[in-house]
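Here is what each chain is made of, one letter per residue.
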Amino acid sequence: RRATWRPRLSHEAARPTPDGSQQPGSSAVPCGRAGQPQLSQRKKRQLCHRVQKERDRGATMQQDAVMTWAPVAHEGEEKPSPRSAHSLVQNGSEAWMFGGCDKRRPPGPNNELYKLDMSDKETFYWMRINASNPPPARWHHTAHLLKDNKTMLVFGGFSADKITRYFNDLWYFDTEEETWSQPPPAETALAEGNTVPTLKMPWPGVPTPRGAHATCLVNSSLYLHGGYGGGGFARKDFGDLHSLDLETYVWEELETTGDAPEPRSGHQLLCVEDRVLYLMGGWNSNRQFDDVHVFTLETRAWSQPESASGEENFGPPRWNFTAVSVFAVPFWKIFMFGGNSGDLVDGKPTGVYQNDLQVLECGADVWKRPETVGSIPPPRSDAPMTFESESGTLLMYGGWQHAWPGDRPTG
C-alpha cells in the first residue's frame, strides 16, 4: 500500500531530576552567570525554561541517534495518486503537497493541491483543495513555506507542453484563505497560440526557464541555483546563482568568487544559520557529483570542504535525492535520503536507487550514517521530505523507482 513515512529520532536527552540536580553523565545548564544583574524569580524561571527547552532540542539532534522509520496510515475522500518530483511543505500538524508526475493515462505532471492533516498521529487525512486559478501542471519545481507560516511559494519546474517545456514563474498559495496569486512582476497569461501561460511583461533579471533546480529561503530572499532547461527547444544545464528579494521582487544574478560548482540539476541547496548555503550532489550531461560546496552570503564566496566531498566521504555520486537542514546544538545538521547514485552504465541508465539516510554535521563538515531501524522505505528518487522540530520527525511521501511506490503488488 502507499505509505507516508516518518522517521523519529530516539535519544537519551539528559534532563534535571526533581531536586534540581543533573542525571549522571549530563551537563548542567546555567540559569544565570556571576557578575550579571540579579533577575527576579519570575524572570529566572522564564529564562531557565527557555534555555532548558533549547538544550533539549539540541540534545535531540546532537547525540548519536537511532532513526526509526514507520509508515503512517493515511485516508481521505480524495487521496492523492502515487507521484514523484512533487513539492511538500509543512507547518506543524499540517502539510501541503503540490504537483508532481503521477499515474494517469498517459502519465504526466499535474497541478493538484492537497492538504495533509496530521493532528491524529495514528491516521493522517488528505483533503483535495480545488482553489481557482492554479498554476499550470508541473513537476521538478520547488516550493517553500514563507516566514509567515501560511504562504507557500512555488517556482519553475518542467511542464507537460511540447513547446513551452520549462517554467520561470512564481506563485503564492495562501494556506488560510486557500487562494492562488502572483505578485505583479510575475503575473502570467496565455499568449495567442500557446497552451501554457507565460510572463505578461518582461521581468528584469528573471532566471531562464528551468526545472530540477535548487532553491532555499534566507529571511526575505529566495536563492536559486542551477537546474535544466532553457527557452524554446533549448536544453542546458545551468550553474548560475540568483537571488530574489521577496519584498521588492528584484532579481540579481550573483557575482561570486572561489571555486564555483559545475552546472548541474537534481541537486540540493540548503540554508544554515541564515549565513551560508550548502550545495550538494546532482548531475549534468557529462557527469554525476559526489561533492559539497559552501557559499558564504556575506562574502559571496564559494568553498569546498574536502571532508564532506568525494566518494570516501559523501558516498557514491547522487542526484534526485531529498535533503533538509535542521537546527541543532552544537552544529546544524543536514539530513539526506535516497536518490539515484553510481555511474551511468549500459543497462542502468538511471544508476542505482538508494534508501539510505546520511547526516552532515555542518560545523565539522563530516558525514555520519546513523543506525536506521523499523520499516525502512524502499529505494526511491524524487521524494520530497520535511522536518517538524517539535516532534523531531521527518515526513516523506511518494517518489520513483521505475514505478511509483505503492504502484506494485506486494507479496
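Residues numbered from 1 in each chain as written. Predicted model: local features only at pLDDT ≥ 70, side-chain atom pairs only at ≥ 80, totals over all residues. Heavy atoms only, no water.

**Focus on the packing of aromatic side chains**
Alright, step 1. By the definition in use, this model includes 17 aromatic pairs.
Alright, step 2. On the numbers, 4.8 Å between centres and 75° between planes, the contact of Trp400 with Trp404 is edge-to-face.
Alright, step 3. Residue Trp404 is classed as buried on the basis of its relative accessible area of 6%.
Alright, step 4. Among the aromatic residues, those joined into a ring-pair cluster are Phe98, Trp171, Phe173 and Trp180.
Alright, step 5. Sitting over the face of the ring of Phe167, Arg138 holds its NZ or CZ atom 4.0 Å from the ring centroid.
Alright, step 6. Taking the ring centre of Phe238 as reference, the NZ or CZ of Arg210 above it sits at 4.0 Å. (Phe/Tyr/Trp six-rings, centres within 6.5 Å; stacked < 30°, edge-to-face > 60°. Buried < 20%, exposed > 50% of the residue type's maximum accessible area, 1.4 Å probe, protein only. Lys NZ or Arg CZ within 6 Å of the ring centre and 35° of its normal.)

**Considering the nonpolar core**
Alright, step 1. Residues Tyr278, Met280, Ile334, Leu360 and Trp367 are the most contacted members of the largest nonpolar core, which totals 17 residues.
Alright, step 2. Top contributing element to this core by residue count: strand S25 (residues 276–280), with three residues.
Alright, step 3. In contact with Tyr278, other than residues within four places in its own chain, are Gln268, Leu269, Leu270, Val272, Val292, His293, Val294, Ile334, Leu360, Cys362 and Asp365.
Alright, step 4. If you look at the next biggest cluster of nonpolar residues, it comprises 15 residues, including Leu146, Phe155, Ala186 and Trp251. (Core = buried A, V, L, I, M, F, W, Y, C linked by side-chain atoms within 4.5 Å. Helix = DSSP H or I, 4+ residues; strand = E, 2+ residues; numbered from the N terminus. Contact = heavy atoms within 4.5 Å.)

**Remarks on a negative patch on the surface**
Alright, step 1. There is a patch of like negative charges on the surface, built from Asp148, Glu176, Glu177 and Glu178.
Alright, step 2. Within the secondary structure layout, Glu176 lies in the loop between strand S14 (166–174) and strand S15 (179–181).
Alright, step 3. You can call Glu176 exposed: its relative accessible area is 58%. (Patch = residues over 30% accessible without salt bridge, like charges linked within 9 Å, V, L, I, M, F, W, Y side chains within 5 Å. Areas by Shrake-Rupley, 256 points an atom, 1.4 Å probe, with all protein chains shown as cover. Salt bridge = Lys/Arg side-chain N within 4 Å of Asp/Glu carboxyl O. Lys, Arg positive; Asp, Glu negative; His and termini not counted. Charge placed at Lys NZ, Arg CZ, Asp CG, Glu CD.)

**With respect to the side chain of Gln288**
Alright, step 1. Within the secondary structure layout, Gln288 lies in the loop between S25 and strand S26 (292–296).
Alright, step 2. If we ignore the near neighbours within four places in the chain, the residues touching Gln288 are Gly282, Trp283, Pro317, Trp319, Gly342, Asp343 and Leu344.

**Description of the pattern of salt bridges**
Alright, step 1. Under the criterion given, the structure shown has 15 salt bridges.
Alright, step 2. Close ionic contact of Arg210 with Asp240 constitutes a salt bridge, the shortest N to O distance being 2.8 Å. With Arg210 in strand S18 (residues 210–211) and Asp240 in strand S21 (residues 236–245), this pair connects stretches of sequence that are 30 residues apart.
Alright, step 3. For Arg210, a relative accessible area of 0% corresponds to the buried category.
Alright, step 4. Put simply, Arg287 and Glu262 hold a salt bridge, and the shortest N to O gap is 2.7 Å. Note that Arg287 is positioned in the loop between S25 and S26 and Glu262 in the loop between strand S23 (257–258) and strand S24 (268–272), a separation of 25 residues in sequence.
Alright, step 5. Put simply, Arg83, Asp102 and Glu112 are held in one network by salt bridges that share partners.

**Overview of the layout of surface pockets**
Alright, step 1. Roughly 1600 Å³ of internal volume is contained in the largest pocket.
Alright, step 2. Along the walls of the largest pocket sit 48 residues, with Ala143, His144, Val324, Ser325 and Met385 positioned nearest its centre.
Alright, step 3. Elements with a contribution of two residues or more to the lining of the largest pocket: strand S6 (87–91), strand S12 (142–145), strand S19 (214–218), S24, strand S29 (322–326) and strand S34 (385–388).
Alright, step 4. Trp139, His140, Trp283, Asn320 and Asp382 are the residues nearest the centre of the second largest pocket, which is lined by 22 residues in total.
Alright, step 5. Residue classes in the lining of the second largest pocket are distributed as eleven nonpolar, nine polar and two charged. (1 Å grid on protein atoms, 1.4 Å probe; cavity = no way out; pocket = protein on both sides within 12 Å on 5 of 7 lines; lining within 4 Å. Points joined across faces, edges and corners; volume = space filled by probe spheres on them. Nonpolar A, V, L, I, M, F, W, Y, C, P; charged D, E, K, R; others polar.)

**Examining the sheet that holds S23**
Alright, step 1. One open sheet accounts for five strands, arranged S23-S27-S26-S25-S24; its pairing is mixed. Both outer strands of the open sheet, S23 and S24, are each paired with one neighbouring strand and no more.
Alright, step 2. Pairing of S23 with strand S27 (residues 301–303), which is carried by two bridges, proceeds in the parallel orientation. Pairing of Gly258 across the sheet is with Trp302, part of S27. (Pairing = 2+ DSSP bridges.)

**A look at the state of the cysteines**
Alright, step 1. Counting across every chain of the model gives zero disulfides.
Alright, step 2. Free cysteine: Cys216, not disulfide-bonded; nearest cysteine sulfur from Cys271 at 5.5 Å.
Alright, step 3. Exposure remark for Cys216: the relative accessible area of 5% places this residue in the buried category. (Disulfide = S-S within 2.5 Å.)

**Some points on unusual backbone geometry**
Alright, step 1. Residues Val329 and Pro330 are joined by a peptide bond in cis, for which omega reads 5°.
Alright, step 2. Of note in this structure, Asn219 is not a glycine but carries a positive phi near 55°.
Alright, step 3. Along the chain, Asn219 falls in the loop between S19 and strand S20 (221–229).
Alright, step 4. Despite not being glycine, Asp365 shows a phi value in the positive range, around 55°.
Alright, step 5. Asp365 sits in the buried class, given a relative accessible area of 14%.

**Description of the environment of Phe387**
Alright, step 1. Within the fold, Phe387 resides in strand S34.
Alright, step 2. Residue Phe387 is classed as partly exposed on the basis of its relative accessible area, which comes to 22%.
Alright, step 3. The sequence separation of Phe387 and Val326 amounts to 61 residues, and the corresponding C-alpha distance is 7.5 Å.

**What about the confidence of the model for the protein?**
Alright, step 1. Across the protein, the average pLDDT comes to 85, with 81% of residues at or above 70.
Alright, step 2. Every residue in residues 42–62 scores below 50 in pLDDT, and together they form 38 contacts with partners more than four places removed in sequence or on other chains.
Alright, step 3. Between residues 407–411, whose pLDDT stays under 50, and residues either more than four places distant or in other chains, the model counts four contacts. (pLDDT = per-residue confidence, 0-100.)

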